[in-house]
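Inside the fold
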Amino acid sequence: QTRFDEAIDYGDRAIAIGEESGSPRVLAYGHAFRCWALISAGRSREGAASSETALSLVPRLTDERDSRYIRLKGGYGAVLGHLQPGDLIKARALAKDLMDFAIGTDSARARSFAHAAAAACHNVSGDSARCIAELERAREIAPDPIYRLVAEQNLCSALALSGQFETARAILDPALQH
């Protein structure tokens, strides 16, 4: 059993607990987690379905922090889940919804995530300049080192894919110090 399988099983157990307890909160978090595990394992269609289940539970969540987290993790997961099998139209629509939501919040994390989701769409469509611009925005507004490092990792990849190796190295070398 791979680590991906273990992670998927962990999400499945959380979903089972949520179903047994009738907790929309536990179900939403379980599906949001499972989505990312499935996408990481290359099972993007299943990941998209799990993220959409998480998103469908948002109206039943009573804490705004939970709602925002599920909208972000589930929304970004849905974008990636639709991108990997090639559904760019659906992914772009989801990324736009995520950006609209993020702009309406006071959360730099939300905006950073939304820019990263938009970048993923531009990357898949072959628009490296827009991908890089979105990742630079995600990096600039990232409120903490983890979000910044994730944005930098993706930015370095996009820069290298576009042939900008020295620019990527200038970002990557300091990031590796963390």
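Residues numbered from 1 in each chain as written. Predicted model: local features only at pLDDT ≥ 70, side-chain atom pairs only at ≥ 80, totals over all residues. Heavy atoms only, no water.

**A closer look at helix 4 (residues 64-83)**
Selection criterion: Only DSSP runs of H or I covering at least 4 residues are called helices, and only runs of E covering at least 2 are called strands; the numbering of each starts at the N terminus. A helix is expected to reach a length of 1.5 Å times the quantity of its residues less one. Burial classes follow relative accessibility: with a 1.4 Å probe on protein chains only, a residue under 20% of its type's maximum area counts as buried, one over 50% as exposed, and anything between as partly exposed.
The terminal C-alpha atoms of helix 4, which comprises 20 residues, lie 28 Å apart, in line with the 28 Å expected from a rise of 1.5 Å per residue. Across the 20 residues of helix 4, 14 count as buried, placing the element largely inside the fold.

**Remarks on the packing of aromatic side chains**
Keep this limit in mind: Here a pair means two rings of Phe, Tyr or Trp (six-membered ring of Trp) with centres within 6.5 Å. Their orientation is stacked below 30 degrees between planes, edge-to-face above 60, and tilted elsewhere. Criterion for a charge above a ring: Lys NZ or Arg CZ within 6 Å of the ring centre, and within 35 degrees of the ring normal.
Counted by the stated rule, this structure contains five aromatic pairs. Plain terms: the ring middles of phenylalanine 113 and tyrosine 147 are 5.5 Å apart, the flat faces sit at 40 degrees to each other, and that makes the pair tilted. Here tyrosine 147 lies in helix 8 (residues 145-161) and phenylalanine 113 lies in helix 6 (residues 108-125), a separation of 34 residues in the sequence. Taken together, the ring pairs connect Trp36, Tyr76, Phe113 and Tyr147 into an aromatic cluster. A cation sits over an aromatic face here: arginine 109 above tyrosine 147, 5.6 Å from the ring centre.

**Considering the pattern of salt bridges**
Selection criterion: Here, a salt bridge means any Lys or Arg side-chain nitrogen found within 4 Å of an Asp or Glu carboxyl oxygen.
On inspection of all chains with the given rule, the structure shows eleven salt bridges. Aspartate 100 is the salt-bridge partner of lysine 96, the closest N and O atoms lying 2.8 Å from each other. Note that lysine 96 and aspartate 100 are positioned in helix 5 (residues 88-103) at a spacing of four residues, about one turn of the helix. Residue aspartate 100 is classed as partly exposed on the basis of its relative accessible area of 42%. Across the pair aspartate 173 and arginine 169 runs a salt bridge, and its minimum N-O distance is 3.9 Å. One end of the pair, aspartate 173, and the other, arginine 169, are both in helix 9 (residues 165-175), four residues apart, so they sit about a helical turn from each other.

**Some points on helix 8**
A turn of α-helix holds 3.6 residues, and therefore any two residues three or four places apart point the same way. Operational definition: By arc we mean the arc of the directions from the helix axis to the C-beta atoms, nothing more. By definition in these notes, contact holds between two residues if any of their heavy atoms fall within 4.5 Å. Pairs of N or O atoms are called polar contacts if they sit within 3.5 Å, as long as, within protein, a hydrogen donor faces a hydrogen acceptor (for residues adjacent in sequence, only side-chain-to-side-chain pairs).
With 17 residues, helix 8 extends 24 Å between its outermost C-alpha atoms, agreeing within 8% with the 24 Å of an ideal straight helix rising 1.5 Å per residue. Among the residues making up helix 8, those that are buried are Ala151, Glu152, Leu155, Cys156, Ala158 and Leu159. In an axial view of helix 8, the angular spread of the buried residues amounts to 165 degrees, which keeps them on one side of the axis. In helix 8, the exposed positions that point more than 90 degrees away from the buried face belong to Ile146, Gln153 and Leu161. At its buried positions, helix 8 is contacted by helix 7 (128-141) and helix 9. Where helix 8 starts, the residue carrying a side-chain oxygen 3.2 Å from the main-chain nitrogen of isoleucine 146 turns out to be aspartate 144. Phi turns positive one or two residues past the end of helix 8, at glycine 163, with a value near 85 degrees.

**A few points about the nonpolar core**
Put simply, the test is: Only buried residues count toward a nonpolar core, which is a set of Ala, Val, Leu, Ile, Met, Phe, Trp, Tyr and Cys residues joined through side-chain atoms within 4.5 Å.
Core analysis: the biggest nonpolar cluster contains 23 residues, and Leu72, Tyr76, Val79, Leu80, Leu83, Leu98 and Cys121 have the highest contact counts within it. When residues of this core are assigned to their parent elements, the largest contribution, eight residues, is made by helix 6. Apart from residues no more than four positions distant in its own chain, leucine 80 is found in contact with Trp36, Ile39 and Ala120. Of all hydrophobic cores here, the second largest spans ten residues; its members include Leu135, Ala158, Leu159 and Ile171.

**Notes on the packing of helix 4 against helix 6**
Any two packed helices are characterised by how steeply their axes cross, that is the angle between the axes, and by the distance between the axes. Let me state the cut-off plainly: Only the contacting stretch of a helix is used when fitting its axis, a line to C-alpha atoms as for every element, and angles between N-to-C directions run 0 to 180 degrees. We call two directions roughly parallel when the angle between them is under 35 degrees, roughly antiparallel when it is over 145, roughly perpendicular when it lies between 65 and 115, and oblique otherwise. For this classification, Asp, Glu, Lys and Arg are treated as charged, while Ala, Val, Leu, Ile, Met, Phe, Trp, Tyr, Cys and Pro are nonpolar and the rest, including Gly, are polar.
Contact geometry of helix 4 with helix 6 gives a least axis separation of 10 Å together with a crossing angle of 5 degrees. On the basis of their axis angle, the class for helix 4 and helix 6 is roughly parallel. Residues Leu72, Lys73, Tyr76, Val79, Leu80 and Leu83 of helix 4 form the contact with helix 6, whose participating residues are Ala110, Phe113, Ala116, Ala117, Ala120, Cys121 and Val124. By residue class, the composition of the contact of helix 4 with helix 6 is twelve nonpolar, no polar and one charged.

Honestly, that's just the spatial picture; any functional story needs more than this.
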